Amino acid sequence: MDRIDRKLLNLLQRDASRTNANLADEVGLSPSSCLRRIRRLRSAGIVDRIVAILNPSKAGKTLKAVVTVELKEHGEQHMRRFLDLVTREEAISHAYAVTGEIDVLLMMRLKDMDEFDALCDKIFRDRTNVARFHTMIIIRTAKEETAISI
């Protein structure tokens, strides 16, 4: 990956809707050379996917929560079962198995507290192997970035 590839990737991360001609002009390549590079970066798996990032408020998902989860039973099968459960939930945008005192970190985008409560009933209670969970409701976002520094 050279300097031009890195510049293309940074431009695409900021706005993937830019035309190939615009990108080519920005990095100093012909449109055909630029398109070949972008296709190579995609086929190499460096560009995982191209998505639209929605405005959560305008999409009706104004409540953001971070939840830490401690499981009762540990081991790969117990972790996998819980992660399979949470990855099926649309309101959960990120699910991470982590090291340290907690087992899982979840990030959620929800309509309101009623939706949060219903989700809690579904994934944290009864037979879901959750010992305890702690919730933090986000009151202000200082930084939320999707781009990876290249």
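Described below are features of the structure shown in this document. (Residues numbered from 1 in each chain as written. Predicted model: local features only at pLDDT ≥ 70, side-chain atom pairs only at ≥ 80, totals over all residues. Heavy atoms only, no water.)

### A closer look at the nonpolar core
- Core analysis: the biggest nonpolar cluster contains 22 residues, and Val 69, Phe 82, Leu 106, Met 108, Ile 123 and Phe 124 have the highest contact counts within it.
- Other than its neighbours up to four places away in sequence, Val 69 contacts Phe 82, Ile 102, Asp 103, Val 104, Leu 106, Phe 124, Val 130, Arg 132 and Phe 133.
- Of all hydrophobic cores here, the second largest spans 9 residues; its members include Leu 12, Ala 24, Val 27 and Ile 38. (Core = buried A, V, L, I, M, F, W, Y, C linked by side-chain atoms within 4.5 Å. Buried < 20%, exposed > 50% of the residue type's maximum accessible area, 1.4 Å probe, protein only. Contact = heavy atoms within 4.5 Å.)

### A closer look at the packing of helix α1 (residues 3-14) against helix α2 (residues 20-27)
- Interhelical geometry of α1 versus α2 gives an angle of 135 degrees and a closest axis separation of 10 Å. Between α1 and α2, the angle is such that the two are oblique. Regarding α1 and α2, the two cross each other, and that crossing is right-handed. Contacts from Ile 4, Lys 7, Leu 8, Leu 11 and Leu 12 in α1 reach Leu 23, Glu 26 and Val 27 in α2.
- Residue composition of the contact of α1 with α2, grouped by class: 6 nonpolar, no polar and 2 charged. (Axes fitted to C-alpha atoms, helices over the stretch in contact; angles between N-to-C directions. Helix = DSSP H or I, 4+ residues; strand = E, 2+ residues; numbered from the N terminus. Parallel < 35°, antiparallel > 145°, perpendicular 65-115°, else oblique. Left-handed = near helix turned anticlockwise from the far one by under 90°. Nonpolar A, V, L, I, M, F, W, Y, C, P; charged D, E, K, R; others polar.)

### So, the layout of surface pockets
- Size it by volume and the largest pocket reaches roughly 1400 Å³.
- Considering the residues around the largest pocket, the lining is formed by 36 residues, among which Arg 49, Val 51, Ala 52, Ile 53 and Thr 146 are closest to the centre.
- Elements with a contribution of two residues or more to the lining of the largest pocket: α1, β2 (92-97) and β3 (104-110).
- Examining the composition of the lining of the largest pocket, we find that 4 residues originate from one element, α1, more than from any other.
- Partitioning the lining of the largest pocket into residue classes produces 19 nonpolar, 6 polar and 11 charged. (1 Å grid on protein atoms, 1.4 Å probe; cavity = no way out; pocket = protein on both sides within 12 Å on 5 of 7 lines; lining within 4 Å. Points joined across faces, edges and corners; volume = space filled by probe spheres on them.)

### Focus on unusual backbone geometry
- Look at Asn 129: it is not a glycine, yet its phi comes out positive at around 70 degrees.
- The residue Asn 129 is located in the loop between α5 (113-123) and β4 (130-137) in this model.
- We classify Asn 129 as buried; its relative accessible area is 14%.

### Thoughts on the side chain of Thr 68
- Here Thr 68 lies in strand β1 (residues 63-71).
- Judged by its relative accessible area of 12%, Thr 68 falls in the buried class.
- Not counting residues up to four positions away in its chain, the partners in contact with Thr 68 are Ile 102, Val 104, Leu 105, Arg 132, Phe 133, His 134 and Met 136.

### Some remarks on the sheet that holds β1
- Strand order in this open sheet of 4 strands is β2-β3-β1-β4, and the pairing throughout is antiparallel. Since the sheet does not close on itself, it has two edges, and those belong to β2 and β4, each with one partner. Along the sheet, successive strands turn relative to each other by an average axial angle of 15 degrees, direction set aside.
- With 7 bridges joining them, β1 and β4 adopt antiparallel strand pairing. Looking across to β4, one finds that Val 69 is bridged to Phe 133.
- In the packing of α5 onto the sheet, contacts are made with β1, β2, β3 and β4, and the angle to β3 comes to roughly 145 degrees. (Pairing = 2+ DSSP bridges.)

### What about the packing of α2 against helix α3 (residues 31-43)?
- Taken N-terminus to C-terminus, the directions of α2 and α3 make an angle of 100 degrees; their axes are 8 Å apart at the nearest point. Between α2 and α3, the angle falls in the class roughly perpendicular. Side by side, α2 and α3 meet where Asn 20, Leu 23 and Ala 24 of the first sit next to Pro 31, Cys 34, Leu 35 and Ile 38 of the second.
- Here the contact of α2 with α3 is built from residues that sort into 6 nonpolar, 1 polar and no charged.

Geometric descriptors of this kind do not, in isolation, establish any biological role.
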